[in-house]
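Descriptive structure summary
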Amino acid sequence: MASGSGAEGEAVSGAQLIAEALKAQNIEYMFGIVGIPVTEIAIAAQAVGIKYVGMRNEQAACYAASAVGYLTGRPGVCLVVSGPGFLHALGGMANATINCWPLIVIGGSSDRNQETMGAFQEFPQAVRTSIYGRPGSCYIDIPGDFVNLQVNKSSVKYVECCLPPPISTAECSAVSKAASVIADSKQPLLIIGKGAAYSHAENNIRKLVDLCGLPFLPTPMAKGVIPDNHPNCVAAARSTALQHADVIILLGARLNWILHFGLPPRFRQDVKVIQIDICAEELGNNVRPAAVLLGDINAVTKQLLEEFSKRPLKYPSNSEWWKRLREKIMNNEERSKGLALQKSLPMNYYTVFHHIRELIPKDCILVSEGANTMDIGRTMLPNYYPRQRLDAGTFGTMGVGLGFAIAAAMVAKDQTPEKRVICIEGDSAFGFSGMEVETICRYNLPILIIVVNNNGIYTGLDADAWKEMLKFGDPAACAPPVSLLPNSHYEEIMSAFGGKGYFVKTPEELQNALKASVTDKQTPCLINVMIDPQSERKKQEFPWLTRSNL
């Protein structure tokens, strides 16, 4: 680090050392809420060129920092005070750990004695820990008196930026075995997880799909690793593909609740699973695999490509398996289309997403959360590029939306300034971090928030039903626990801070608001879309979250 050779008498504070150590590790973004004793760290971070975004809640700040880790591969930093500040950040740390996203949380603490004040030298190790192997969150506790402590700069040991994570490949015998299992399959299915997106494996995975003719199913945040409009995408036949595949290749996906643990009746009893993962502990979890390939997703996919170049495999597109999948895709798409084109008011979810899909940019970053809002949006809003969908993830965390959107907007501003961030929220999910709208307006981030408002959690009541319910007494005693206040004007929150808000009830109003918001690339906007409080998702054969004995 060039700045390590300062003059003999030059003094530097602990806050400066922290900031310089972070900058030396190529940390570019910090999110947080300042207070004693960490305010000086935020100031010092800005002084060395780290962008600091002051949030309204530590939980949202932590979500934002973790999303930066996923989008850039370098951990974002969440800066919090001790006690309640750190406790609020725990939700974001848990979410990052479960989703395997690099994150560093820095918390201030009470003063300590001098002998324990070497904490700044732990930064390189924290960065390395957060990005090596399976990424995750790290916490660093900074003593309060260390922040303002002045030391001689010449006495400081500066550490260089840690090396990029090592890229590991699978054993050749395991690659050969996996290729043999795939070649012998009659009904193969490739499942792409967000681990593949994180490892930037999109080019090699696309080559593998095209070379071998494999049907593929992306998990939610892996959408776009291969464009959703690729002819081999079977997302619209998800249940059929999972239930009847005889060989499943897991590329950076885990057999957790999202994939029904790999167990019957969602999967065949005799399904053969090929697991490709960077984490050895994940291999063999829930299902005994037919082949395990431990290594980096991109590197291992390249190994498979090399194997299939020696023994070419092209799964026939006219097979009975493909015919079955395409028939199911067509039937499901027709059902969704019928729901989307309904003319009745209030609108349903499918009508709303139909118009959103028609009018938002194809290359936008989509952030989504909420129960039906997220699930239906996943099926109706296509993704064409990797790492451009962020949602509640493996931990099923609600409240992540605005933090994710802020992080995505900050990264996009530096890397692709023309790219729009569209944040689609259920009304309940929006309530978790709605005050971050002020953060969005303060930093003038051109984020479009769409609140799909059904007056409740899962379902709600309309205004008339709410009035009738109140006749029975105290809402705390008689209001359905899933209900929220009908017709809440969330768009006025955006207007209050200088953005543009729209309250819409009809498809025409929605179209006009979308056109105006998408055209305006400078102003934060919020469209509050009223839908039928009883609107629900079409019946699912195997919902994501079901009891294992069903």
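Here's the deal with the sheet that holds strand S19 (residues 500-504)
- Taken together, 6 strands build an open sheet; the order of strands is S14-S13-S15-S16-S20-S19 and the sheet is parallel. Both outer strands of the open sheet, strand S14 (389-390) and S19, are each paired with one neighbouring strand and no more.
- Pairing of strand S13 (residues 365-369) with strand S15 (residues 421-426) involves 5 bridges; the strand directions are parallel. Its bridge partner being in S15, Val-367 is matched across the sheet by Cys-423.
- Where helix H13 (residues 349-359) meets the sheet, its contacts fall on S15, strand S16 (447-453) and strand S20 (525-530), and the angle it forms with S16 comes to roughly 160°.
- Across the face of the sheet, helix H15 (residues 401-415) comes into contact with S13, S14, S15 and S16 while running at roughly 180° to S15.

Remarks on helix H3 (residues 58-72)
- Over its 15 residues, H3 extends 21 Å from the first C-alpha to the last, a length consistent with the 21 Å expected when each residue adds 1.5 Å.
- Burial analysis of H3 places 13 of its 15 residues in the buried class, the great majority of the element.
- Here H3 starts with a cap whose side-chain oxygen sits 2.7 Å from the backbone nitrogen of Gln-59, and that cap is Asn-57.
- Phi turns positive one or two residues past the end of H3, at Gly-73, with a value near 85°.

Points about the nonpolar core
- Counting 85 residues, the largest nonpolar core has Phe-31, Ile-205, Ile-274, Leu-293, Ile-447 and Ile-449 as the members making the most contacts within it.
- Other than its neighbours up to four places away in sequence, Ile-205 contacts Leu-190, Ile-192, Ala-196, Val-225, Ile-226, Leu-251 and Thr-301.

Brief notes about the pairing of S20
- Taken across its 6 residues, S20 has 6 buried, putting it largely inside the fold.
- Across the two faces of S20 the burial is the same, with Cys-525, Ile-527 and Val-529 and Leu-526, Asn-528 and Met-530 all buried.
- By the bridge criterion, 6 bridges tie S16 to S20 in an arrangement that is parallel. Note that in S20 the partner of Val-451 across the bridge is Asn-528.

With respect to the confidence of the model for the chain
- Summary statistics for the chain give a mean pLDDT of 92 and a share of 93% for residues scoring 70 or more.
- A low-confidence stretch, residues 113-122 (pLDDT under 50), is modelled with 15 contacts involving residues beyond four sequence positions or located in other chains.
- Here residues 546-550 is modelled with pLDDT under 50, and outside its nearest four sequence neighbours on either side it reaches 5 contacts, counting other chains as well.

A look at the environment of Met-435
- The topology assignment puts Met-435 in the loop between helix H16 (427-433) and helix H17 (436-442).
- A relative accessible area of 43% places Met-435 in the partly exposed class.
- Each C-alpha atom of the pair Met-435 and Ser-173 lies 54 Å from the other, and the pair is 262 residues apart in sequence.
- Beyond its immediate chain neighbours, meaning those up to four positions away, Met-435 contacts Arg-56 and Phe-497.

Some remarks on the layout of surface pockets
- When its volume is computed, the second largest pocket comes out at roughly 830 Å³.
- Taken together, 43 residues form the lining of the second largest pocket, with Pro-135, Lys-194, Gly-195, Tyr-198 and Ser-199 sitting closest to its centre.
- When residues of the lining of the second largest pocket are traced back to their parent elements, those giving at least two are H3, helix H8 (194-198) and helix H11 (297-310).
- Here the lining of the second largest pocket takes 3 residues from H8, the largest share from any one element.
- Taken together, the residues that form the lining of the second largest pocket break down as 21 nonpolar, 15 polar and 7 charged.

So, the pattern of salt bridges
- Across all of its chains, the model carries 19 salt bridges by this definition.
- Measuring nitrogen to oxygen at the nearest pair gives 2.8 Å for the salt bridge that ties Arg-134 to Asp-277. With Arg-134 in the loop between helix H5 (123-131) and strand S6 (137-143) and Asp-277 in strand S11 (residues 272-277), the pair connects residues that are 143 residues apart, well separated along the chain.
- The closest approach of N and O atoms between Lys-223 and Asp-228, which form a salt bridge, is 2.4 Å. Summarising the burial analysis for this pair, Lys-223 and Asp-228 share the class buried.

So, how was this worked out
Residues numbered from 1 in each chain as written. Predicted model: local features only at pLDDT ≥ 70, side-chain atom pairs only at ≥ 80, totals over all residues. Heavy atoms only, no water. Pairing = 2+ DSSP bridges. Helix = DSSP H or I, 4+ residues; strand = E, 2+ residues; numbered from the N terminus. Contact = heavy atoms within 4.5 Å. Axes fitted to C-alpha atoms, helices over the stretch in contact; angles between N-to-C directions. Expected span 1.5 Å × (residues − 1). Buried < 20%, exposed > 50% of the residue type's maximum accessible area, 1.4 Å probe, protein only. Polar contact = N/O pair within 3.5 Å; in protein donor to acceptor, adjacent residues only side chain to side chain. Core = buried A, V, L, I, M, F, W, Y, C linked by side-chain atoms within 4.5 Å. pLDDT = per-residue confidence, 0-100. 1 Å grid on protein atoms, 1.4 Å probe; cavity = no way out; pocket = protein on both sides within 12 Å on 5 of 7 lines; lining within 4 Å. Points joined across faces, edges and corners; volume = space filled by probe spheres on them. Nonpolar A, V, L, I, M, F, W, Y, C, P; charged D, E, K, R; others polar. Salt bridge = Lys/Arg side-chain N within 4 Å of Asp/Glu carboxyl O.

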